[in-house]
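Structural characterization, general
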Amino acid sequence: MPKLLLLDIDGTLLDSNKKLPASAKEALQQARLNGHDLAIATGRGPFMITSILEELKIDTYMYVQRQYIFT
């Protein structure tokens, strides 16, 4: 059964150096292959997440303490 995987950025997708590990990217690709949808939920502002949304090809996200939701 497909699920929506809601992901945080800091400490979840990005490591302590604020980098996206290859292993995280591979895990997300596998999740998509398994039929799951991906979304970001973060306290960061929109200008702070643009690059990671583009890199991971995610177009569903919530930001600024979940005050805004885009799909």
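The text that follows walks through the structure, step by step, so that each part is easy to find. (Residues numbered from 1 in each chain as written. Predicted model: local features only at pLDDT ≥ 70, side-chain atom pairs only at ≥ 80, totals over all residues. Heavy atoms only, no water.)

1. Notes on the pattern of salt bridges
The line we're drawing: By definition here, a salt bridge exists when the distance from a side-chain nitrogen of Lys or Arg to a carboxyl oxygen of Asp or Glu is within 4 Å. Buried residues are those whose accessible area, probed at 1.4 Å on protein chains only, stays under 20% of the maximum for their type, while exposed residues exceed 50% and partly exposed ones sit between those limits. The way it works is that DSSP assigns letters per residue, a run of H or I at least four long becomes a helix, a run of E at least two long becomes a strand, and they are numbered from the N terminus.
According to the stated counting rule, one finds three salt bridges in the structure shown. Between Asp-10 and Lys-18 there is a salt bridge, with the nearest N and O atoms lying 3.2 Å from each other. Relative accessible area serves as the criterion here: at 31%, Asp-10 is assigned to the partly exposed category. Ionic pairing is found between Asp-10 and Arg-44, a salt bridge with its closest N-O pair at 2.6 Å. With Asp-10 in the loop between β1 (4-7) and α1 (22-33) and Arg-44 in the loop between β2 (37-41) and α2 (50-56), this pair connects stretches of sequence that are 34 residues apart. Looking at Arg-44, the relative accessible area reads 16%, which means it is buried.

2. Comments concerning the packing of aromatic side chains
Filter applied, for reference: What counts as a ring pair is set by centres within 6.5 Å for rings of Phe, Tyr and Trp (its six-membered ring), and what kind of pair is set by the plane angle: stacked under 30 degrees, edge-to-face over 60, tilted for all other angles.
Summed over the entire model, instances satisfying the criterion amount to one aromatic pair. With a centroid separation of 6.0 Å and 20° between ring planes, the pair formed by Tyr-61 and Tyr-63 is classed as stacked. As far as the burial class goes, Tyr-61 and Tyr-63 line up, both buried.

3. Section: the nonpolar core
Using the following cut-off: For our purposes a nonpolar core is just a set of buried Ala, Val, Leu, Ile, Met, Phe, Trp, Tyr and Cys residues, chained together by side-chain atoms within 4.5 Å. Here, two residues are considered to be in contact whenever any of their heavy atoms come within 4.5 Å of each other.
Membership of the largest hydrophobic core comes to 17 residues, with the highest contact counts inside it found for Leu-13, Ile-40, Ile-49, Ile-52 and Leu-56. Counting residues per element, the ones that place at least two in this core are α1, β2, α2 and β3 (61-63). Discounting residues that sit within four places of it in the chain, Ile-49 has contacts with Ile-9, Thr-42, Arg-44, Tyr-61 and Tyr-63.

4. Details of α1
Heads up, the rule is: Here, expected helix span is obtained from the residue count minus one, scaled by 1.5 Å.
With twelve residues, α1 extends 16 Å from end C-alpha to end C-alpha; this agrees with the ideal 16 Å at 1.5 Å per step. Phi turns positive, to about 95°, at Gly-35, one or two residues after α1.

Remember, this is a structural readout, not a statement about activity or role.
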